[in-house]
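If you want the building blocks of each chain, they are given just below.
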Amino acid sequence: MTAPEINHIKVNQHDIFNFVIGKDAYDPIEKCIDSTVYEVFDEFIYNNKTKESLTQDEDYVIFSKQVSILKYKSKNMQYEEILRICEELEEIAPKYVKL
């Protein structure tokens, strides 16, 4: 097992929004990386080629869990409120992932 490589990412609020409302099946972080190789989970990223679970930093975990919570709660929320929260989530999104 080699040391994970730091990959800088830029998560977009529109990708968060589309994922939360179910318009897009890809997690907003998954859109920043190669989704044919990696699968995104709340606490780690799974490498399908090497079969490794790649532990991520706390900012990744917090962001992913908040996106999951919003996705669950969004069914009972107004469009504007979801969009506002997506803007806030973009601000706390991780700036890199370890792959």
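Please refer to the structure higher up on the page.
Residues numbered from 1 in each chain as written. Predicted model: local features only at pLDDT ≥ 70, side-chain atom pairs only at ≥ 80, totals over all residues. Heavy atoms only, no water.

Draft legend 1. Looking closely at the pairing of strand β3 (residues 44–47). Across the two faces of β3 the burial differs, with Ile45 and Asn47 buried and Phe44 and Tyr46 not buried at all. Across three bridges, strand β2 (residues 38–40) lies against β3 in antiparallel orientation. Counterpart to Val40 in the pairing with β3 is Ile45. From the end of β2 to the start of β3, which pair antiparallel, there are three residues. (Buried < 20%, exposed > 50% of the residue type's maximum accessible area, 1.4 Å probe, protein only. Helix = DSSP H or I, 4+ residues; strand = E, 2+ residues; numbered from the N terminus. Pairing = 2+ DSSP bridges.)

Draft legend 2. Focus on the pattern of salt bridges. Counted under the stated rule, the structure contains six salt bridges. As a salt-bridge pair, Lys10 and Glu90 come within 3.4 Å of each other at their nearest N and O atoms. Residue Lys10 is located in the loop between β1 (6–8) and α1 (13–20), and its partner Glu90 is located in helix α3 (residues 79–92); the two are separated by 80 residues in the primary sequence. Close ionic contact of Asp57 with Lys98 constitutes a salt bridge, the shortest N to O distance being 2.8 Å. Of this pair, Asp57 sits in the loop between β4 (52–55) and α2 (58–73) while Lys98 sits in strand β5 (residues 96–98), placing them 41 residues apart in sequence. Overlapping salt bridges, with partners in common, bring together Asp15, Asp24 and Lys31 in one network. (Salt bridge = Lys/Arg side-chain N within 4 Å of Asp/Glu carboxyl O.)

Draft legend 3. The arrangement of α2 in detail. Compared with an ideal rise of 1.5 Å per residue, which puts 16 residues at 22 Å, α2 spans 22 Å between its outermost C-alpha atoms and is within 8% of the ideal. Of all the positions in α2, only Tyr60, Val61, Phe63, Ser64, Val67 and Leu70 are classed as buried. In this structure, the buried residues of α2 make contact with α1, β2, β3, α3 and β5. (Expected span 1.5 Å × (residues − 1). Contact = heavy atoms within 4.5 Å.)

Draft legend 4. Quick look at the packing of aromatic side chains. For the structure shown, the criterion picks out two aromatic pairs. Relative to Tyr79, the ring of Phe17 lies with its centre 5.2 Å away and its plane at 80°, an arrangement referred to as edge-to-face. With Phe17 in helix α1 and Tyr79 in helix α3, the pair connects residues that are 62 residues apart, well separated along the chain. Relative accessible area serves as the criterion here: at 9%, Phe17 is assigned to the buried category. For Tyr79, a relative accessible area of 48% gives the class partly exposed. A centroid spacing of 4.8 Å and a plane angle of 20° characterise the contact between Phe41 and Phe44, whose relative ring orientation is stacked. Over the ring of Phe19 we find Lys71; its NZ or CZ atom is 4.1 Å from the centre of that ring. (Phe/Tyr/Trp six-rings, centres within 6.5 Å; stacked < 30°, edge-to-face > 60°. Lys NZ or Arg CZ within 6 Å of the ring centre and 35° of its normal.)

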